[in-house]
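In case you want the letters, here they are:
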Amino acid sequence: MKIRKRQIHFFILLFVASSLLFHPPSDFEAFAATSDGTVDSTVEINDSTTNGPELANGYWFGGSVANIGDFDGNGVDDLAVGANLCCGGTEDKGALYILFMDEDPGNGLAKATVVIGDTTTNGPTLSDDDRFGNAVANMGDIDDNGVNDLAVGARLDDKGGSSSGAVHILFMNSDGSVDSTIEINSSTTHKGPTLSAGDAFGTDLAHIGDLNGDGINDLVVGADMHDGNGGADAKRGIVYILFLTSETESRSSADKRNLNPYLTDEILVSVGPNKAIV
């Protein structure tokens, strides 16, 4: 849906997951709000949307959403939508849908949809019940190819222990394909997070800009089942602030960032009943 600048009203496009009180977790709605906060129009995106996602029962499409900028250069921002219980059976590996939005509302809302999952070339390596797509964040253009890159949570990834969690950094191409993927988990070198079974690292994500001034956007990651400072089974939760950086190498006499960003530091914030410890 295109919000035209020439219209009298100023529209803000909000993308939210559908409420379980009114819809099953297999679609989400786009609202165009006027400057006084009222809703001007609503469009629902689901498996009946022309050029939209192909879904089945239990996918939980719409569990996470993000504005990822204009991938295809048509003047309309595109969307990333998570379906962390995709794709059938007992696997629950999860998937991320890239929705290319149409510049002409008369043609329908979506021009095309690309699915990113464990079978995607250069995409994430996933196992059953990883819940990839439970959170997604637009990280900006980390690798300088003109396309925004994405951080995607997989909160029940087992690489650091059962359900310890992980975050996948997807280096994107303009057609929605993946150039490469880096996974951040407890085995990440260069000061990666220290995780234990059940931490659920990657429960939520937020891009917070370049905090340390190195030219790379940094990332906040929630681990809501982490015990924090509360002892065994406290489940107080922790927020990780990951300062991302990237190495530089020379290619054909031009310095270009490679596709292996790593962590330069981490800050653990544990919030207890009466105090915060940093």
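Since this is a predicted model, take the numbers as computed values, not measurements. (Residues numbered from 1 in each chain as written. Predicted model: local features only at pLDDT ≥ 70, side-chain atom pairs only at ≥ 80, totals over all residues. Heavy atoms only, no water.)

Undergrad: Describe in detail the overall build of the protein chain, supporting the description with residues and values.
TA: Looking only at helices and strands, one finds zero helices and 18 strands in the protein chain. Looking at the protein chain residue by residue over its 278 residues, the buried ones come to 46%. Considering only residue pairs separated by 6 or more positions, the protein chain has 49% of its internal contacts joining residues 24 or more positions apart. (Helix = DSSP H or I, 4+ residues; strand = E, 2+ residues; numbered from the N terminus. Buried < 20%, exposed > 50% of the residue type's maximum accessible area, 1.4 Å probe, protein only. Contact = heavy atoms within 4.5 Å.)

Undergrad: With reference to specific residues and values, describe the sheet that holds strand S10 (residues 166-172).
TA: Taken together, four strands build an open sheet; the order of strands is S8-S9-S10-S11 and the sheet is antiparallel. Two strands lie at the open edges of the sheet, namely strand S8 (132-140) and strand S11 (178-184), each paired on one side alone. Ignoring strand direction, the axes of neighbouring strands in this sheet form an average angle of 25°. Where S10 and S11 come together, six bridges link them in antiparallel fashion. The partner of Val167 across the bridge, within S11, is Ile184. (Pairing = 2+ DSSP bridges. Axes fitted to C-alpha atoms, helices over the stretch in contact; angles between N-to-C directions.)

Undergrad: Go over the environment of Asn217 with me, naming the residues and quoting the values.
TA: You can see Asn217 is positioned in the loop between strand S12 (201-207) and strand S13 (219-223). Separated by 75 residues in the primary sequence, Asn217 and Ile142 have C-alpha atoms spaced 7.5 Å apart. Once residues within four sequence positions are removed from consideration, Asn217 is found in contact with Met139, Gly140, His207, Gly209, Asp210 and Leu244. Of note is the side chain of Asn217, whose polar atom sits 2.9 Å from the backbone oxygen of Met139. Looking at Asn217, its side chain comes within polar contact range of the side chain of His207, at 3.2 Å. (Polar contact = N/O pair within 3.5 Å; in protein donor to acceptor, adjacent residues only side chain to side chain.)

Undergrad: Outline the environment of Met225, supporting the account with residue identities and numerical values.
TA: Within the secondary structure, Met225 sits in the loop between S13 and strand S14 (238-245). Residue classification places Met225 among the partly exposed residues on the basis of a relative accessible area of 34%. Met225 sits 11 residues away from Arg236 along the chain, and the two C-alpha atoms are 6.6 Å apart. Excluding residues that lie within four positions of it along the chain, Met225 makes contacts with Arg155, Gly198, Asp199, Ala200 and Lys235.

Undergrad: Tell me about the side chain of Glu183, and name the residues and values.
TA: Its location among the elements puts Glu183 in strand S11. Within the structure, the side chain of Glu183 is placed 3.1 Å from the side chain of Asn185, a separation counted as a polar contact. If sequence neighbours within four positions are ignored, Glu183 has contacts with Thr125, Asp157, Lys159, Ala166, Val167, His168 and Thr188.

Undergrad: Give me the lowdown on the state of the cysteines, citing residues and values where you can.
TA: Evaluated as defined, the whole model comprises one disulfide. Disulfide partner of Cys86: Cys87, at an S-S distance of 1.4 Å. Disulfide Cys86-Cys87: the torsion about the S-S bond is 70°, which places it as right-handed. (Disulfide = S-S within 2.5 Å.)

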